[in-house]
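For reference, the chains in residue letters:
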Amino acid sequence: MDIKPNEPRELDEQEQLGEEYAELVRKRMQGMENFQKKGSGFTVGLLLGSAMTFLLVSVVLLGGWALGFGEKKQPQNSRETGISTDIKDTILDSSVEKKVGELADLMAQYYYESIDKEALVEGMYAGMAAGLGDPYSSYFSAEEYASFNESTTGVYCGIGTVLTQDAKTKVVTILHVYPGTPAEEVGIKDGDIIAKVGDIAGDSMELSELTNYIKGKEGTNVHIEVIRQGESDYLGFDVPRRKIEVPTVEYQMLEGNVGLIQITEFSTTTPEQFDAAIKDLQQQGMKSMIVDLRDNPGGVLQSVCDMLDKLLPEGLLVYTEDKYGNRSDYKSDDSCMEIPLAVLINGNSASASEIFAGAIKDYKYGTLIGATTFGKGIVQTIIPLNDGSAIKLTMAKYFTPKGNYIHEVGISPDIELEYEYLSQQDETYNPMHDNQVLKALEVLGSGQ
């Protein structure tokens, strides 16, 4: 579907991974920096097309952006029911207008520095979205929305990290550092917490705003200070900005002709990369497959549906429902891959990753191994406004093929197994020392 100006753009959003994320990172960093090693150990999947489209600034992950989510069934009678009018009457009530005026007068009279009037107005708009009490709904200023759109072109200057922000504390954690990027080259690692970007505190603003200070002109530097487990003080890095092209699919062949495919997120180019990985592995004689969705916080809904369509037989993949009862079904055709499959999941597998895992589980097409997923079963839409700004709103729930609503519940694995890396000596990640990969090999070898 072509996205036109002022037309809703539907998203499957996982912008914040929750309070438990930091603890999960600490657990996974004990004894080794596993994901740092894991990311550098794979054969890089082919990039068929433009660079990854949803990497904001320093490759900030805004979870599951489902551009082209399908034709949205708009609320039929929202204005007729008076819902919109009721809210507007409350917000635009004369008493509210009077109080805003009083606050503005007090600020003008007593605030100790000059006031940015435009920032106050933008703050009011942002406050309206925040008033919903939904961590996944937010307001984008024109500048923030332009930055968001810039990220979808695949041309950006950043440092090569995936960032996540705790919805309550605003703490920003580096979820993943991509191999061969400026962040990796200077020594930034997975699990580092951003303390400062220049003079800006890492937890002082929304992630989308913070990234405006990380991005910049190619060839310039950004100073970043991080908190790292085991270090008594902040670590500082001067990181050069440059154009980043990061694959979302990495793969290699394991013993027994088992293909291992790691999917770091679901962007618009991921299905092409996934297809290329499968074709290459098939040419190498692949007999069974492991799909690694650990630490994958989401992505484009249509992308995950396209990938599931390749794997699964004809049937329902996922469906959404809004508060008006409108339902949208996403289905696969009758072609499929008949190949033994294992899928690795953990507590940071969220959103589109859960759609993938949920469909595999409901169809009993493969074995889920690891830990219960994050549990995000809602979708968002970004609606552009005429002045260049936009609002992101949670607009629907999604359900697995069997009708399971997994929000704040997650998807449990078929085989529960806490992650453990079995060697402290590896300088790069070796999947043959990953206990969850080894369990998948055992399952596939036994024909379970």
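The rules behind these values
- Residues numbered from 1 in each chain as written.
- Predicted model: local features only at pLDDT ≥ 70, side-chain atom pairs only at ≥ 80, totals over all residues.
- Heavy atoms only, no water.
- Helix = DSSP H or I, 4+ residues; strand = E, 2+ residues; numbered from the N terminus.
- Buried < 20%, exposed > 50% of the residue type's maximum accessible area, 1.4 Å probe, protein only.
- Patch = residues over 30% accessible without salt bridge, like charges linked within 9 Å, V, L, I, M, F, W, Y side chains within 5 Å.
- Areas by Shrake-Rupley, 256 points an atom, 1.4 Å probe, with all protein chains shown as cover.
- Salt bridge = Lys/Arg side-chain N within 4 Å of Asp/Glu carboxyl O.
- Axes fitted to C-alpha atoms, helices over the stretch in contact; angles between N-to-C directions.
- Parallel < 35°, antiparallel > 145°, perpendicular 65-115°, else oblique.
- Contact = heavy atoms within 4.5 Å.
- Nonpolar A, V, L, I, M, F, W, Y, C, P; charged D, E, K, R; others polar.
- 1 Å grid on protein atoms, 1.4 Å probe; cavity = no way out; pocket = protein on both sides within 12 Å on 5 of 7 lines; lining within 4 Å.
- Points joined across faces, edges and corners; volume = space filled by probe spheres on them.

**Q** Looking at this structure, how should I read the overall build of the chain?
**A** Each helix and strand counted, the chain has 12 helices and 21 strands in total. Burial statistics for the chain: of 448 residues in total, 52% are counted as buried.

**Q** I tried to follow unusual backbone geometry on my own but got confused; where do I start?
**A** For residues besides glycine, phi is generally negative; the peptide bonds are generally trans as well. We note that Asn257 has phi near 60°; this positive angle belongs to a residue other than glycine. Structurally, Asn257 is set in the loop between strand 12 (249-254) and strand 13 (258-263). Relative accessible area serves as the criterion here: at 28%, Asn257 is assigned to the partly exposed category. Positive phi outside glycine occurs at Asp295, with the angle close to 65°.

**Q** What should I look at first to understand a nonpolar patch on the surface in this one?
**A** A surface patch of nonpolar side chains, about 840 Å² in accessible area, is lined by Leu103, Leu106, Met107, Tyr110, Tyr111, Tyr112, Ile115 and Leu120. Top contributing element to the nonpolar patch by residue count: helix 4 (residues 94-110), with four residues. When you line up the elements, Ile115 lands in the loop between helix 4 and helix 5 (117-130).

**Q** Would you explain the packing of helix 9 (residues 270-283) against helix 10 (residues 301-311) in this entry?
**A** When two helices pack together, their arrangement is given by the angle between the helix axes and by the axis-to-axis distance. Packing of helix 9 against helix 10 brings their axes to within 8 Å, and their N-to-C directions diverge by 30°. The pairing of helix 9 with helix 10 is recorded here as roughly parallel in orientation. Of helix 10, the residues touching helix 9 (which contributes Thr270, Pro271, Phe274, Asp275 and Ile278) are Ser303, Asp306, Met307, Lys310 and Leu311. A breakdown of the residues in the contact of helix 9 with helix 10 according to their chemical character gives five nonpolar, two polar and three charged.

**Q** Please clarify how the pattern of salt bridges should be interpreted in this entry.
**A** Opposite charge on two side chains makes pairing possible when the charged atoms of those side chains draw close. Tallied over the entire structure, the rule returns eight salt bridges. Across the salt bridge formed by Arg242 and Glu185, the nearest N and O atoms sit 2.8 Å from each other. Note that Arg242 is positioned in strand 11 (residues 242-243) and Glu185 in helix 7 (residues 182-186), a separation of 57 residues in sequence. The shortest N-O distance in the salt bridge between Asp434 and Arg294 comes to 2.8 Å. Separated by 140 residues along the polypeptide, Asp434 in the loop between strand 21 (415-416) and helix 12 (435-446) and Arg294 in the loop between strand 14 (288-292) and helix 10 bring together distant segments of the chain. Residue Asp434 is classed as buried on the basis of its relative accessible area, which comes to 0%. It is possible to trace a salt-bridge network through shared partners that takes in Asp292, Arg294 and Asp434.

**Q** Got a minute to help me understand the layout of surface pockets in this structure?
**A** Any empty space left between the atoms is revealed when a probe the size of a water molecule rolls over them. One number sums up the size of the second largest pocket: a volume of about 920 Å³. If you trace the second largest pocket, you find 30 residues lining it, with Ala126, Tyr139, Glu144, Glu206 and Glu209 closest to the centre. Listed by contribution, the elements that provide at least two residues to the lining of the second largest pocket are helix 5, strand 3 (138-140), helix 6 (142-151) and helix 8 (207-214). Of all the elements, helix 5 adds the most residues to the lining of the second largest pocket, at eight residues. Split into classes, the residues belonging to the lining of the second largest pocket amount to 10 nonpolar, nine polar and 11 charged.

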